[in-house]
Amino acid sequence: MHGIGDRISGLKRFGKRLWRARDGGVAMMFALAMPPMTMMAVCGLDIHRASSVRQSLQDALDSATLAAARSGETTDAGVRTVGMRVLRANLAQFPYVTLNEEVNSTNFDLNEDGLVTSYARVAVDTLVAGAFLGDELDVNVDSLVNRSTSVRLEVALVIDNTGSMAWGGKLNAA
């Protein structure tokens, strides 16, 4: 097995060889490879940011859709008001995200089957890749919640009948 000292000395030898190289091939390859690698790294930061915002937006929209479905509102406008209020509150922790509140971009709909459907579009400000990806990246998510229309409640009871319940008459008491 190689220790850390062996690896460090190997890196030092490689660095010395690279520094002494005079044929120019290494420098040319490095010069050709550096711009695409830099662009990939820079764009990767913003794409990762948009991806994490997408997950957070999905969680926020799911929460808002559940709140809208659980509300007592019976009209599209009422469901939209409740959903938008909760969605705005959930997105307050992301100052670099702009929620597009137009009806065709973010909406909560209640249909006749008791389903609440929602979708949202946000614009995420780019950090460093504005020249390559644009100043903002669009992130879209949607959600669907089945609103309960019945007043029946199902309750399940589970009784532990393992050996630990047999001690002291716990099972008989249950």
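Not measured: the values here are computed from a predicted model. (Residues numbered from 1 in each chain as written. Predicted model: local features only at pLDDT ≥ 70, side-chain atom pairs only at ≥ 80, totals over all residues. Heavy atoms only, no water.)

Concerning the overall build of the protein
Line of reasoning, step 1. Counting its secondary structure elements, the protein contains six helices and four strands.
Line of reasoning, step 2. Starting at the N terminus and ending at the C terminus, the protein contains elements arranged as α-α-α-β-β-β-α-β-α-α.
Line of reasoning, step 3. Relative to its 174 residues, the protein shows a buried fraction of 26%.
Line of reasoning, step 4. Pairs at least 24 apart in sequence give 58% of the contacts found in the protein among residues at least 6 apart.
Line of reasoning, step 5. Counting only carbon and sulfur atoms, one obtains 59% of the accessible surface of the protein, whose full area is about 12,500 Å². (Helix = DSSP H or I, 4+ residues; strand = E, 2+ residues; numbered from the N terminus. Buried < 20%, exposed > 50% of the residue type's maximum accessible area, 1.4 Å probe, protein only. Contact = heavy atoms within 4.5 Å. Areas by Shrake-Rupley, 256 points an atom, 1.4 Å probe, with all protein chains shown as cover.)

A word on a positive patch on the surface
Line of reasoning, step 1. On the surface, Lys 12, Arg 13, Lys 16, Arg 17 and Arg 20 cluster together to form a positively charged patch.
Line of reasoning, step 2. Within the secondary structure, Lys 12 sits in helix α1 (residues 4-20).
Line of reasoning, step 3. Judged by relative accessible area, which is 55%, Lys 12 ranks as exposed. (Patch = residues over 30% accessible without salt bridge, like charges linked within 9 Å, V, L, I, M, F, W, Y side chains within 5 Å. Salt bridge = Lys/Arg side-chain N within 4 Å of Asp/Glu carboxyl O. Lys, Arg positive; Asp, Glu negative; His and termini not counted. Charge placed at Lys NZ, Arg CZ, Asp CG, Glu CD.)

Side note on the nonpolar core
Line of reasoning, step 1. Of all hydrophobic cores here, the largest spans 26 residues; its most connected members are Leu 57, Leu 87, Leu 91, Phe 108 and Val 122.
Line of reasoning, step 2. Put simply, the parts of the chain that give this core at least two residues each are α2 (25-70), α3 (76-91), β1 (97-99), β2 (107-110), β3 (115-125) and β4 (136-146).
Line of reasoning, step 3. Element by element, the count of residues in this core is highest for α2, at eight residues.
Line of reasoning, step 4. The residues contacting Leu 87, other than those within four sequence positions of it, are Leu 57, Ala 60, Leu 61, Ala 64, Leu 99, Thr 106, Phe 108 and Ala 120. (Core = buried A, V, L, I, M, F, W, Y, C linked by side-chain atoms within 4.5 Å.)

Here's the deal with the pattern of salt bridges
Line of reasoning, step 1. All chains considered together, the criterion is met by one salt bridge.
Line of reasoning, step 2. Put simply, Arg 88 and Glu 101 hold a salt bridge, and the shortest N to O gap is 3.0 Å. Within this pair, whereas Arg 88 is found in helix α3, its partner Glu 101 is found in the loop between β1 and β2, the two being separated by 13 residues in sequence.
Line of reasoning, step 3. On the accessibility criterion, Arg 88 (40% relative accessible area) is partly exposed.

Observations concerning α1
Line of reasoning, step 1. For α1, spanning 17 residues, the distance from its first C-alpha to its last is 24 Å, which sits close to the expected 24 Å at 1.5 Å a residue.
Line of reasoning, step 2. Counting buried positions along α1 yields zero of 17 residues, so the element is predominantly exposed. (Expected span 1.5 Å × (residues − 1).)

Considering the environment of Ala 68
Line of reasoning, step 1. When you line up the elements, Ala 68 lands in helix α2.
Line of reasoning, step 2. With 12 residues separating them along the chain, Ala 68 and Arg 80 place their C-alpha atoms 7.3 Å apart.
Line of reasoning, step 3. Leaving out residues up to four positions away in the same chain, Ala 68 has contacts with Val 79, Val 82, Gly 83, Phe 108, Val 116 and Arg 147.

Regarding the side chain of Asn 107
Line of reasoning, step 1. Tracing the backbone shows Asn 107 in strand β2.
Line of reasoning, step 2. Owing to a relative accessible area of 8%, Asn 107 belongs among the buried residues under this scheme.
Line of reasoning, step 3. Side-chain polar atoms of Asn 107 contact the side chain of Asp 109, separated by 3.1 Å.
Line of reasoning, step 4. What Asn 107 contacts, discounting residues up to four positions off in sequence, is Arg 80, Thr 117, Ser 118 and Tyr 119. (Polar contact = N/O pair within 3.5 Å; in protein donor to acceptor, adjacent residues only side chain to side chain.)

A closer look at the environment of Thr 81
Line of reasoning, step 1. Mapped onto the fold, Thr 81 is located in helix α3.
Line of reasoning, step 2. Take Thr 81: its relative accessible area is 47%, and that puts it in the partly exposed class.
Line of reasoning, step 3. In this structure, the C-alpha to C-alpha distance between Thr 81 and Asn 107, residues 26 residues apart in sequence, is 9.5 Å.
Line of reasoning, step 4. For Thr 81, the side chain forms a polar contact with the main-chain oxygen of Ala 77, separated by 2.8 Å.

Description of a nonpolar patch on the surface
Line of reasoning, step 1. Residues Phe 30, Met 34, Met 37 and Met 40 make up a contiguous nonpolar surface patch of roughly 450 Å² in combined accessible area.
Line of reasoning, step 2. Relative to the helices and strands, Met 34 resides in helix α2.

By themselves, these are just geometric observations and shouldn't be taken as functional.
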